[in-house]
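Report on the structure
What follows is each chain in one-letter form.
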Amino acid sequence: MKFILYFIFFFFLIRFVMRVVIPMIRGVRQVQGRMRQMQDQMNRMQNQQQPSQAPSQPEPKKGDYIDYEEVR
């Protein structure tokens with residue numbers, strides 16, 4: 001009798017693992033892979049943009065512009 005109960009218990013345990021736990025592990029691995037791909041893509045985009053970020057306008061030299069307020 002104990003053998004039958006153990007057999008049923010292990011059958012349902014293995015069935016649970018096969019239907020719930022293994023697909024969950026696969027899903028987690030897929031999500032991690034996608035996140036890693038997105039992170040790599042973002043790093044590549046940042047590396048491509050960094051060299052082209054040269055200042056578009058040169059900074060004015062001191063003494064070229066005098067800021068004043070109009071007095072009335």
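Residues numbered from 1 in each chain as written. Predicted model: local features only at pLDDT ≥ 70, side-chain atom pairs only at ≥ 80, totals over all residues. Heavy atoms only, no water.

1. Description of the overall build of the protein
Note the cut-off: In DSSP terms, a helix is any run of H or I states spanning at least four residues, a strand is any run of E spanning at least two, and both are numbered starting from the N terminus. Only protein chains enter the calculation, and the probe is 1.4 Å; a residue is then buried if its accessible area is under 20% of its type maximum, exposed if over 50%, and partly exposed in between. To be clear on the numbers: accessible area is Shrake-Rupley with a 1.4 Å probe, and residue cover counts the displayed protein chains and nothing else.
Counting its secondary structure elements, the protein contains one helix and zero strands. Expressed as a percentage of its 72 residues, the buried residues of the protein come to 0%. For the protein, the exposed surface amounts to about 8,200 Å²; the carbon and sulfur share of it is 60%.

2. Focus: helix 1 (residues 2–49)
What counts, and what does not: In a helix, the anticipated span is given by 1.5 Å times the number of residues less one. In this scheme, the bend at a residue equals the angle between the axes fitted to the seven residues that finish there and the seven that begin there.
Between its terminal C-alpha atoms helix 1 stretches 69 Å, which fits the 70 Å expected from 48 residues at 1.5 Å a residue. At Val-17, helix 1 shows its strongest bend, of approximately 35°.

3. Considerations on the packing of aromatic side chains
The test is simple: A pair of aromatic rings is counted whenever rings of Phe, Tyr or Trp (Trp by its six-membered ring) have centres within 6.5 Å, and the orientation is called stacked for planes under 30 degrees apart, edge-to-face for over 60 and tilted otherwise.
Scanning the entire structure with this criterion turns up two aromatic pairs. On the basis of an interplanar angle of 65° and a centroid distance of 5.5 Å, the ring pair of Phe-9 and Phe-10 is categorised as edge-to-face. Under the relative-accessibility criterion, Phe-10 is labelled partly exposed at 45%. Note on Phe-11 and Phe-12: the rings are 5.4 Å apart at their centroids and 75° apart in plane angle, and the pair reads as edge-to-face. Overall, the relative accessible area of 44% leaves Phe-11 in the partly exposed class.

4. Looking at a nonpolar patch on the surface
Here is the rule: What goes into a patch is any residue over 30% in relative accessible area without a salt bridge, connected to like charges within 9 Å or, for nonpolar side chains (Val, Leu, Ile, Met, Phe, Trp, Tyr), within 5 Å. Throughout this description, the term salt bridge denotes a Lys or Arg side-chain nitrogen within 4 Å of a carboxyl oxygen of Asp or Glu.
A contiguous nonpolar surface patch, about 1,100 Å² in accessible area, is contributed by Tyr-6, Phe-9, Phe-10, Leu-13, Ile-14, Phe-16, Val-17, Met-18, Val-20, Met-24 and Val-28. Residue placement: Val-28 occurs in helix 1. Val-28 gets classed as partly exposed once you look at its relative accessible area, which sits at 43%.

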